[in-house]
Amino acid sequence: MDQKRHIKSLLLKISYDNDEKAFKQLFDLFAGRLFRFSKSFLKNEPLAEEAVSDVFFRFWLHRSSLSEHSNIKAYLFKAAYHTSLNYLNETRRKKAISLEDIDVDLGVDHICPETDLINKELKGIIEQAIDSLPPRCKLIYQMAKVEQMKYKEIAALLNISVKTIDHQLTIAVRKIGEVIRHYLQEDETGGIHVHVKGNRVERTGRNGIIIRYVVNPIVEYNVVAYSSRFDTGHSIFNFNTIGCIVQYNEAYGNTSSNPDDTDHGGFDADYNSRGTVIQYNYSHDNNWFCGIMRRGINTDVTIRYNISQNELLGAYLYGFPTEKGLKDVKIYNNTHYFGKGKGTRIFVSAGKERIPIETTFRNNIFFFEDCAEWGFEPDASCSFENNLFLNVSPLGTGALTADPLFTAPGTGGTDIDMHDTERLSGYRLPTGSPALGAGVKINDNGNKNFGGNSLSEEIANIGAW
């Protein structure tokens, strides 16, 4: 029996049968959470215990009418909230207290289950960041993130709108993130070092590998297969990072039968990040290759020397399509191949109008076996130089429309050895390919192509090889 049905069963037993055993079970389910909630206001354990006891005492007195309440969790938290305010009124001898008067005490140990993995210094930084939040913002953060209450429950409890809750949580997350980023940037050793290597992650409910709150992490030689079986989420993505490198990974099978579903790609350069590099990866048979988030901060993003094969919808998805925080995205020397019956768009919609912004596209191959379209026209902040387009209209300067003459496109396979320098050699450019030497020279280009070959200083090819 799931928890909702269990709670409803207990409520009926209490309301109709005066079942004290059921009452004790309900008390055990909620007392600890209500105690923490009340103590965050009162800062006094005995007083918080008394407040919670008062809530359950009144709950028992009015048990005959409780079956009318469909959401008992919201009912109990609302009772604890008002009981705590009454105790504060009595303690401070004030007639009324507003949300801005409440000083909420939040310990970082209740913020996230990953606390044990955070060093003591960073834990203190997070505690200070939370403590510096405005009172109302901190209260809403506790309800949503610690007590896991729904926005509608919080709105009813505090008599505010859901939009206000969303706004306050955005403020909280951004302020906490800014403090953490500042701490990581000042860390002379380069921050918390994370190396995610050699893992296989398969058939997840949502995302496969998420790297966050870290400086200079490396994510490499992992296989992420069939992610997001029950919800949306990109296979591998970074969030709130500086200098994140994602390389030599294979991501496949992240699909949805609903083309309007978001976040079903192999990779994703997410926001609150600087200096993200996605390179030398193999993405295939996902809804799309890579997501790029338009929400800031997301700057100095490099996507290069990747091979994308037979994605079902297209190549790129620009997330948060109404926002304009994305800056300085460089996409170059990637190979995108779409076989018969596969994706026919460069830019994917996923149910919304997603205009590409702030991106330079250079030396990429967009090879479609079927007739294809752009999906969305990039805005004026984007530029295109020396890309190859087959069966889709060309755009930009130096564009080619000839067949690159791949030796064996569409034969990349699954679960390949990413250490093998001959991997995906079907996308090599043979002698006579119009893509050989047809690219534009790029500075700070990583110095090697997809196969590990050193790059010429004089000429540049189009594509990942």
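Residues numbered from 1 in each chain as written. Predicted model: local features only at pLDDT ≥ 70, side-chain atom pairs only at ≥ 80, totals over all residues. Heavy atoms only, no water.

> Before we move on, can you summarise the overall build of the protein with the specific residues and values?
What the protein contains, in helices and strands, is 8 helices and 23 strands. Among the 465 residues that make up the protein, the fraction classed as buried is 51%. Of the roughly 21,300 Å² of accessible surface on the protein, a fraction of 48% belongs to carbon and sulfur atoms. (Helix = DSSP H or I, 4+ residues; strand = E, 2+ residues; numbered from the N terminus. Buried < 20%, exposed > 50% of the residue type's maximum accessible area, 1.4 Å probe, protein only. Areas by Shrake-Rupley, 256 points an atom, 1.4 Å probe, with all protein chains shown as cover.)

> Pulling in residues and values, what's your account of the sheet that holds strand β2 (residues 200-202)?
Taken together, 8 strands build an open sheet; the order of strands is β2-β5-β8-β12-β15-β18-β21-β23 and the sheet is parallel. Strand pairing shows two members of the sheet lacking a second neighbour, β2 and β23 (388-390), which therefore form its edges. Ignoring which end each strand starts from, the neighbouring axes of this sheet average 5° apart. (Pairing = 2+ DSSP bridges. Axes fitted to C-alpha atoms, helices over the stretch in contact; angles between N-to-C directions.)

> Lay out the pairing of strand β17 (residues 326-332) in plain terms, naming residues and giving numbers.
Residues in a regular strand project their side chains so that they alternate between the two faces of the sheet. Burial analysis of β17 places 5 of its 7 residues in the buried class, the great majority of the element. Taken together, the 6 bridges between strand β14 (residues 298-304) and β17 define a ladder with parallel strand orientation. Each residue of the ladder has a partner; that of asparagine 298, found in β17, is leucine 326. For β17 and strand β20 (residues 359-362), the ladder comprises 4 bridges, and the chain directions are parallel. In the strand pairing of β20, lysine 330 is matched with threonine 360.

> I'd love a proper account of the side chain of histidine 336, names of residues and values included.
Within the fold, histidine 336 resides in strand β18 (residues 335-338). Excluding anything up to four places from it in sequence, histidine 336 contacts Phe289, Ser308, Ala315, Tyr316, Ile365, Phe366 and Phe367. (Contact = heavy atoms within 4.5 Å.)

> How would you sum up the side chain of asparagine 445? Please name residues and give values.
Within the secondary structure, asparagine 445 sits in the segment after β23. In this structure asparagine 445 comes out as buried when scored by relative accessible area, which is 14%. A distance of 3.4 Å separates the side chain of asparagine 445 from the backbone oxygen of isoleucine 442, its partner in a polar contact. Those residues in contact with asparagine 445, other than ones at most four positions away along the chain, are Arg304, Tyr305, Tyr332 and Leu455. (Polar contact = N/O pair within 3.5 Å; in protein donor to acceptor, adjacent residues only side chain to side chain.)

> Please give an account of the environment of glycine 266 that cites residues and values.
Looking at the secondary structure, you find glycine 266 in strand β9 (residues 265-269). Separated by 16 residues in sequence, glycine 266 and glutamate 250 place their C-alpha atoms 8.2 Å apart. Every residue in contact with glycine 266, bar those within four places of it in the chain, is listed here: Ser235, Ile236, Ala251, Ser283, Asn286, Trp288 and Phe289.

> Quick one: what's the story with the pattern of salt bridges, residue by residue and with numbers?
By the definition in use, this model includes 13 salt bridges. The shortest N-O distance in the salt bridge between lysine 327 and glutamate 358 comes to 3.9 Å. Of this pair, lysine 327 sits in strand β17 while glutamate 358 sits in the loop between β19 (345-347) and β20, placing them 31 residues apart in sequence. Note on glutamate 358: relative accessible area 26%, which makes it partly exposed. Two residues, aspartate 370 and lysine 340, come together in a salt bridge whose shortest N-O distance is 3.5 Å. Of the two residues, aspartate 370 is situated in the loop between β21 (365-368) and β22 (383-385) and lysine 340 in the loop between β18 and β19; the sequence distance between them amounts to 30 residues. By sharing partners, the salt bridges in this structure join Arg200, Glu202, Arg203 and Asp415 into a single network. (Salt bridge = Lys/Arg side-chain N within 4 Å of Asp/Glu carboxyl O.)

> Give me the lowdown on the packing of aromatic side chains, citing residues and values where you can.
Scanning the model with the defined rule gives 30 aromatic pairs in all. Put simply, the rings of Phe267, Phe289, Tyr316, Tyr318, Phe347, Phe361, Phe366, Trp374, Phe384 and Phe389 touch in pairs and so form one group of aromatic residues. Above the face of the tyrosine 226 ring, arginine 203 is positioned so that its terminal group lies 4.5 Å from the ring centre. Residue placement shows arginine 423 over the ring face of phenylalanine 450; its charged tip is 4.2 Å from the ring centre. (Phe/Tyr/Trp six-rings, centres within 6.5 Å; stacked < 30°, edge-to-face > 60°. Lys NZ or Arg CZ within 6 Å of the ring centre and 35° of its normal.)

> Just give me the short version of unusual backbone geometry, but keep the residues and values in it.
Keep in mind that most residues, glycine aside, have a negative phi and that most peptide bonds are trans. Between glycine 296 and isoleucine 297 the backbone carries a cis peptide bond, its omega angle lying at -5°. For tyrosine 213, which is not a glycine, the phi torsion comes out positive at approximately 55°. Not every positive phi belongs to a glycine, and asparagine 216 is a case in point at roughly 55°. By secondary structure assignment, the location of asparagine 216 is in the loop between β3 (209-215) and β4 (218-220).

> Before we move on, could you go through the pairing of β20 and cite the residues and values that matter?
Relative to β22, β20 runs parallel, the two sharing 3 bridges. The residue bridging threonine 360 from the neighbouring strand is serine 383, located in β22.

> Tell me about the environment of leucine 47, and please be specific about residues and values.
Within the secondary structure, leucine 47 sits in helix α3 (residues 45-61). A C-alpha to C-alpha distance of 9.6 Å links leucine 47 and phenylalanine 35, two positions 12 residues apart in sequence.

That is the geometry; function is a separate question.
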